[in-house]
Amino acid sequence: MLTNVELRAGISRSWEYLSRSEVGQAFAQPVSFSANAEFRAKSRDTDVPYEELYLLGLRDVQYNMILNDFSFFQFSQDSENEYRFAYYPNPYLGSDEAAVSSIKELHEYVSEGVLDYEDYLRSISEVSVTRYPPMIRYEFSASQYDSEWHPASHLHIGIFADWRWGIAKFLNPKLFTLTVLRHLYPNAWRECQGIPSGDRRVTLDEELTTVKGQCGAVPLDFYSNNERNRLHFT
Amino acid sequence: MSLEIVVTTSRWKNDPVSRELVDYLSKNSGDLNLDDAVLYYDFPAYVDYSESKFRPDLLLLSPVHGFVAFRCFQETIFQRSEETLEEIDIALGDFASNLHSRIIKSRSLRKTRTESIVPIHTVILIQGGGDVDIDLDSQVLGSLESVENTLTDWGEINLSSEELSETRSVVEGAKALGRPSKRIVKDEGKEPLAAALARLENEIINFDEKQRNIALVEVGGPARIRGLAGTGKTVILAMKAAHIHLTNPEAQILVTFYTKSLRSTIKQLITKFYRIYSDADPDWKRIHIRHGWGGVQIPGVYSDACKRAGVRSLKFPEARSAAKQGEDPFGAACRILLEAGTVKSFYDHVLIDEGQDFPDSFYKLAYEITEGARDKKNIVWAYDELQDILNIHIRQPKELFGTDSAGQALVDLDRSAATLPPGATNDAVLEKAYRNQLQVLVAAHALGFGVYGQIVQMLESKEHWEDVGYEVPSGSLVEGDGVTIVRPERNSPLHVPEIPNFPVVDHHVTETIHDEVRWIAESIKDFLVGGLSAEEILVISLDDRNARAYFRLLSEALAFEGISSNNVIADPYNEPPFSIVDKVTLSTVYRAKGNEAAAVFVLGIDSVSLKSRGGRNKLFTAMTRSKVWLRMSGLSHAAMLVVDELSKALDNSPKMQFVMPNLKRIETIQRGFSKKQEAAKAAREEYIRNLRAAGLSDEEIDEELKLSSNAD
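Remember, predicted model here, so these are calculated numbers, not experimental data.

This part is about the overall build of chain A. Helix and strand counts for chain A come out as nine helices and nine strands. Over its C-alpha trace chain A gives a radius of gyration of 18 Å, about what one expects of a compact globule, namely 17 Å for 234 residues. Dimensions along the principal axes, computed over C-alpha positions, put chain A at roughly 60 × 50 × 30 Å. Counting all 234 residues of chain A, 56% fall into the buried class. Here the analysis covers contacts within chain A between residues at least 6 apart in sequence; of these, 64% occur between residues at least 24 apart. Side-chain charges in chain A split into 22 positive and 33 negative, and the spacing between the mean points of these groups amounts to 6 Å.

Let us now look at the sheet that holds strand S2 (residues 38-41) of chain B. Residues and elements named next belong to chain B. Strands sit in the order S1-S2-S5-S6-S7-S8 across an open sheet of six strands; the sheet is mixed. Each edge of the open sheet is held by one strand with a lone partner, namely strand S1 (4-7) and strand S8 (139-141). Neighbour to neighbour, the strand axes of the sheet diverge by 20° on average, direction disregarded. With eight bridges connecting them, strand S6 (residues 66-74) and strand S7 (residues 120-127) associate as parallel partners. Within S7, the residue paired with Phe67 across the bridge is Ile120. Set on the sheet, helix H3 (residues 85-103) makes contact with strand S5 (58-62), S6 and S7; between it and S7 the angle comes to about 150°. Sitting on the sheet, helix H5 (residues 161-171) touches S1, S2, S5 and S6, and the angle it makes with S5 is about 155°.

This part takes up the interface of chain B and chain A. Each side of the interface is counted separately: chain B has 39 residues, and chain A has 41 residues. For the pairing of chain B and chain A, the buried interface totals around 3,500 Å² over both sides, and the portion due to carbon and sulfur atoms is 55%. Summed over the three residues of chain B that lose the most area to chain A, namely B:Phe316, B:Arg548 and B:Tyr573, the buried surface amounts to 21% of that side. In this structure, the connection of chain B to chain A is made through one salt bridge. Counting across the chain B and chain A interface gives 13 residue pairs in polar contact (both at pLDDT 80 or more). A total of seven residues in the side of chain B that touches chain A trace back to one element, the largest contributor, which is helix H19 (residues 547-560) of chain B. Partitioned by chemical class, the residues of the side of chain B that touches chain A number 16 nonpolar, 12 polar and 11 charged.

Another point: unusual backbone geometry. Residue and element names in this part refer to chain B. Cis rather than trans, the peptide bond between Phe43 and Pro44 has omega equal to -10°. Here Pro44 is to be found in the loop between S2 and strand S3 (46-47). Residue Pro654 follows Ser653 across a cis peptide bond; omega there is 10°. In this structure, Pro654 sits in the loop between helix H22 (636-652) and strand S23 (655-659).

Inspection of the entire model under this criterion finds 55 aromatic pairs over all chains. Ring geometry for A:Phe75 and A:Phe85: centres 5.6 Å apart, planes at 55°, overall tilted. Of this pair, A:Phe75 sits in strand S3 (residues 72-79) while A:Phe85 sits in strand S4 (residues 82-88), placing them 10 residues apart in sequence. Using a relative accessible area of 0% as the deciding quantity, one classes A:Phe85 as buried. With a centroid separation of 5.8 Å and an interplanar angle of 65°, the aromatic rings of A:Tyr145 and A:Phe222 are classed as edge-to-face. Of the two residues, A:Tyr145 sits in the loop between strand S5 (136-141) and strand S6 (153-157) while A:Phe222 sits in the loop between helix H8 (204-214) and helix H9 (225-229), which places them 77 residues apart along the sequence. By the ring-pair criterion, three or more aromatic residues cluster together here, those being A:Phe73, A:Phe75, A:Tyr83, A:Phe85, A:Tyr87, A:Tyr138, A:Phe140, A:Tyr145, A:Phe170, A:Phe176, A:Tyr185 and A:Phe222. The ring of B:Trp284 has B:Lys267 lying over it, and the distance from NZ or CZ to the ring centre is 5.1 Å.

Looking now at the environment of B:Asn436. All names here are of chain B. Within the element layout of this structure, Asn436 appears in the loop between strand S14 (427-430) and helix H16 (438-449). Residue classification places Asn436 among the buried residues on the basis of a relative accessible area of 0%. C-alpha of Asn436 to C-alpha of Arg625: the two residues are 189 residues apart in sequence and 7.6 Å apart in space. Those residues in contact with Asn436, other than ones at most four positions away along the chain, are Ala229, Leu441, Leu494, Met623, Thr624, Arg625, Ser626 and Lys627. Among the polar contacts listed, one links the side chain of Asn436 to the backbone oxygen of Thr624, at a separation of 3.0 Å. At 2.8 Å, the side chain of Asn436 and the backbone oxygen of Ser626 are in polar contact.

Attention shifts here to the packing of helix H10 (residues 301-309) of chain B against helix H13 (residues 360-369) of chain B. Residue and element names in this part refer to chain B. Where H10 meets H13, the axes come as close as 11 Å, and the angle between the chain directions of the two elements is 50°. The orientation of H10 with respect to H13, classified from their angle, is oblique. You can see that H10 and H13 cross each other, and the crossing is left-handed. The segment H10 lies against H13, with Val301, Tyr302, Ala305 and Arg308 engaging Phe362, Leu365 and Ile369. Considering only residue class, the contact of H10 with H13 consists of six nonpolar, no polar and one charged.

Attention shifts here to the nonpolar core. Residues and elements named next belong to chain B. Counting 106 residues, the largest nonpolar core has Trp381, Val539 and Trp629 as the members making the most contacts within it. For Val539, the contacting residues outside a window of four places in its chain are Ile520, Ile524, Phe551, Leu554, Val584, Thr585, Leu586, Ser587, Phe601 and Leu603. By size, the runner-up hydrophobic cluster in this structure holds 66 residues, among which are Ala238, Ala242, Ile266 and Tyr277.

A residue-level look at chain B finds 91% of positions with pLDDT of 70 or above and a mean pLDDT of 88. In the predicted complex, the global pTM is 0.84; the interface-specific ipTM is 0.94.

Moving on to the packing of helix H1 (residues 4-20) of chain A against H19(B). Direction vectors running N to C along H1(A) and H19(B) enclose 165°, while the axes themselves pass 11 Å from each other. Considering their axes alone, H1(A) and H19(B) lie roughly antiparallel with respect to each other. Between H1(A) and H19(B) the crossing geometry is left-handed. When H1(A) is examined against H19(B), the residues A:Ser12, A:Trp15 and A:Ser19 are found in contact with a partner set consisting of B:Arg552, B:Glu556 and B:Phe560.

Residues and elements named next belong to chain B. Spatially, six strands are ordered S11-S10-S12-S13-S9-S14 in an open sheet, and the strand pairing comes out parallel. The open sheet has two edge strands, strand S11 (287-291) and S14, and neither has a second partner. With strand direction ignored, the average angle separating the axes of adjacent strands in the sheet is 15°. As defined by bridge partners, strand S10 (residues 253-257) adjoins S11 across five bridges and the pair is classed as parallel. Paired with Phe257 across the two strands is His291, which belongs to S11.

Conventions and cut-offs
- Residues numbered from 1 in each chain as written.
- Chains lettered and ligands numbered in written order.
- Predicted model: local features only at pLDDT ≥ 70, side-chain atom pairs only at ≥ 80, totals over all residues.
- Heavy atoms only, no water.
- Helix = DSSP H or I, 4+ residues; strand = E, 2+ residues; numbered from the N terminus.
- Rg over C-alpha atoms; globule rule 2.2 N^0.38 Å.
- Buried < 20%, exposed > 50% of the residue type's maximum accessible area, 1.4 Å probe, protein only.
- Contact = heavy atoms within 4.5 Å.
- Lys, Arg positive; Asp, Glu negative; His and termini not counted.
- Charge placed at Lys NZ, Arg CZ, Asp CG, Glu CD.
- Pairing = 2+ DSSP bridges.
- Axes fitted to C-alpha atoms, helices over the stretch in contact; angles between N-to-C directions.
- Buried area = accessible area lost by both parts, 1.4 Å probe.
- Salt bridge = Lys/Arg side-chain N within 4 Å of Asp/Glu carboxyl O.
- Polar contact = N/O pair within 3.5 Å; in protein donor to acceptor, adjacent residues only side chain to side chain.
- Nonpolar A, V, L, I, M, F, W, Y, C, P; charged D, E, K, R; others polar.
- Phe/Tyr/Trp six-rings, centres within 6.5 Å; stacked < 30°, edge-to-face > 60°.
- Lys NZ or Arg CZ within 6 Å of the ring centre and 35° of its normal.
- Parallel < 35°, antiparallel > 145°, perpendicular 65-115°, else oblique.
- Left-handed = near helix turned anticlockwise from the far one by under 90°.
- Core = buried A, V, L, I, M, F, W, Y, C linked by side-chain atoms within 4.5 Å.
- pLDDT = per-residue confidence, 0-100.

So this is what it looks like as structure tokens:
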């Protein structure tokens, strides 16, 4: 269960994580994201490859926040019992160390005035890696819950839609963002000098522990004992 | 007064029968009462869902007679025609219905719900024939002389000049530029900015007859369109593409541009113009809207040409390392492709927007990919030397397109002008700027040239200032003399009155980026409260080095206020849309080129070098994106210098006053006319001055000019 107020606060706090760890490029939308018709249609179309979907999302600003590597996050909510968070990796840069460091180098050229912005963007567009992290989606859907085949709280790893990893917790935007950040941007995570929390500063690991503690367990009505007996996230 | 002739396709040259009728109507326009009329050749064409096209040979629009649509034949030709008289009559009837359906949509042209005030007659002219015994809706005439009697028989309707102008704008497609949905202002008091914009939009006729004429007329060879920011160059090219596609659906058309974010704007414009005449969308296999270079994910003129030539396209680092000294990477890429010698012609029409930004070798490539002999190549390029943010010198056609082995220019506008249709020009200059408020444009020019700081560039003569819509009361430009230049309201006709708390121009100089961003975010909030939509606000960073940091902070500040943003530089792969509903646009000056917004924030003005032409051109380009409100901000002393110049410019507006510098010492922007064109233009300007001195209004002067150009 997630209220609209919690969602908005979670989105803003997520941006803080990305910004403080210096991976955030722009905070485009502070409220629940609603995809346009074309993006929705392509998301459902199993013939559309991931690259095409990603490029469309990028072009039409179908995201709440975009990262320096041009990956992006979406946070959307239809009701307190229906919501979805997604991370779309950049399929051309991935988390490839060499690619990431070449981008950093290009950033430096721009800030030194050696490279103008268009040439910087063109240079990035010509970098291409063959392996990249999977798209990651978290969904909570009370209406679609089926104790045998469709967990209410679940994670999709990759673009394949019918592969759901059940989760015994309600995720909020903060936990989702921190989890992605820790797994896919470990250097930024390690180098982050901490973030303000009330009147003190905490590390991202401390924040992760706190946030995880705030995420309640999914009740039996939406996560049966049978499901708990199978492999799942807790 | 005289009949205005608008020839819109090159079929004209092979259609002696229609030419004969045009000649007859033109020579007898006085007797026939056609002095205020306009005669279109091959225009308009309407296309229905089945892709059937309805178009007369000639369409006469006369305030005295209404519309007369002609199909013209010689008796001998008609005998061989595949069309029967009945089929021709039905097709003319279909055309008339299509035209009527457009006219009736205009409230001021409606008599009743189903009847318009402009009658539509159809005539089948069969010279040497005409004696038919079939009952047809069209009038069948056998001689040119019989046209006079028929016009008389129909009686007079006498449209007012406003009604004629409205009818023309419907026929010529100007309605495509209206807002798709009317702006709704609930409370003018609470939303003064929205109310002001609504009034401005009602006032806008931002596509005047001169612009429409350039768009519609096919000159049958190379042509150049020059004009400053906001004079409608992109709109003209879009309309031209739509019109060519309508009249010749098989023609392969290329529309190319330099700024990636311009693609969706151009596509929307072409679609809007096309849909005025057609029930279907354009066939995008025939109209290619292509970025000059292209990219890994997007096609481009260069990369397409490489594919057709069987040459691997160069990546940016390769092009950069292949570039000679002073050559830009894109220029090198095009040069190397041309050197391969395998480039193939492909397009029937090539339309180049933002021509000032392309390297010479791109023009040479454009020349090679265009079909036809050298003076018949349909290449139209639009450019604005003041928007040249890449610091390219002003280049003439000979330099752009190069020469043949005998040293003759491949493109010579004087030479190809020999075969122009009546009333056409292949070197148009647009003086009227519709986008900017007068004081904003004058201030942008003042900062662009540096007239209140260090002059880094200058127009070469009084005549060139007049080309860009100024008057020079102080006379010829003499080194060391004081110069006064004034922009008359008629050349920047759109005006929004001052609204309390929302000056047209404002500025903010501070010491930290955070404070600058805070000021912008708060001002944006005020604009939104005042009734603007988020997409009507554009923020341009002049500071390339810190653009990412600026936009990260600004997007955050806006998001914390609940405002969404569209950072157009956060996409290296696509040609992203410049404007997205409910999002404030964040852009570099480079990506903002060719685009516009009601309120424009120019940040990071301290980063601009006031001693360089490139720096001042960036300022000019950024400032001229604003339709109404302009905000400028930056840090410390360097920003203060810009603001000082801005304040002086605004205080003096609509005048600019300066001491004429030594042209040899600074960059002079050349006028680029041939001597012949220059003499003709000087005579025309003198004529206009005399007419104005004689007390004629602008409309009357326009009429006089039409008269003289048709007499030519």
